[in-house]
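# Remarks on the overall topology
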Amino acid sequence: MKNKAVTVLIAIVGGFVGGFILSELIGLLGFLLFGKAVGVKYLPIILPIICAVVALIFTSIWKPRKAS
């Protein structure tokens, strides 16, 4: 249980940082290509939620193999 909580926490932090960077890149490319601000408004909030759900699904499906 503790392992899942740590995994979800790391996914949330990574999703927030990744969402912020991705949002800035989209805005920069949109400004360079179209001359105006373009982007996804709540990407740094949406992406951590998606990452946490994917992390929970991944940790519930994946079972570590026992060493023989």
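Residues numbered from 1 in each chain as written. Predicted model: local features only at pLDDT ≥ 70, side-chain atom pairs only at ≥ 80, totals over all residues. Heavy atoms only, no water.

## Some thoughts on the overall build of the chain
Scanning the chain for helices and strands turns up two helices and zero strands. Projecting the C-alpha coordinates of the chain onto the three principal axes gives extents of approximately 60 × 20 × 15 Å. For the chain, the residues scored as buried account for 19% of the 68 residues in total. Counting contacts in the chain only where the partners sit at least 6 residues apart, residues at least 24 apart contribute 66% of the total. Approximately 5700 Å² of the chain is accessible, and the part contributed by carbon and sulfur atoms is 77%. (Helix = DSSP H or I, 4+ residues; strand = E, 2+ residues; numbered from the N terminus. Buried < 20%, exposed > 50% of the residue type's maximum accessible area, 1.4 Å probe, protein only. Contact = heavy atoms within 4.5 Å. Areas by Shrake-Rupley, 256 points an atom, 1.4 Å probe, with all protein chains shown as cover.)

## Here's the deal with helix α2 (residues 43–61)
An ideal rise of 1.5 Å per residue puts 27 Å on 19 residues; α2 measures up with 27 Å between its terminal C-alpha atoms. Along α2, the residues that are buried comprise Leu 43, Pro 44, Pro 48, Ala 52, Ala 55 and Thr 59. For α2, the arc enclosing every buried residue in end-on projection is 160 degrees, short of the 170-degree limit, so these residues lie on one face. In α2, the exposed positions angled more than 90 degrees off the buried face are occupied by Ile 49 and Ile 61. Those residues of α2 hidden inside the fold are in contact with α1 (2–34). (Expected span 1.5 Å × (residues − 1). Arc of directions from axis to C-beta.)

## Observations concerning the side chain of Ser 23
Considering the arrangement of structural elements, one finds Ser 23 in helix α1. Residue classification places Ser 23 among the buried residues on the basis of a relative accessible area of 18%. If we skip the residues at most four places from it in the chain, Ser 23 touches Val 40, Leu 43 and Pro 44.

## Considering the side chain of Thr 59
Structurally, the position occupied by Thr 59 is in helix α2. At 3.1 Å, the side chain of Thr 59 and the backbone oxygen of Leu 56 are in polar contact. Setting aside its immediate chain neighbours within four residues, Thr 59 contacts Lys 4 and Thr 7. (Polar contact = N/O pair within 3.5 Å; in protein donor to acceptor, adjacent residues only side chain to side chain.)

## Remarks on the packing of α1 against α2
Look at α1 against α2: their axes get within 7 Å of each other, and the N-to-C directions meet at 145 degrees. For the pair α1 and α2, the crossing hand works out as right-handed. (Axes fitted to C-alpha atoms, helices over the stretch in contact; angles between N-to-C directions. Left-handed = near helix turned anticlockwise from the far one by under 90°.)

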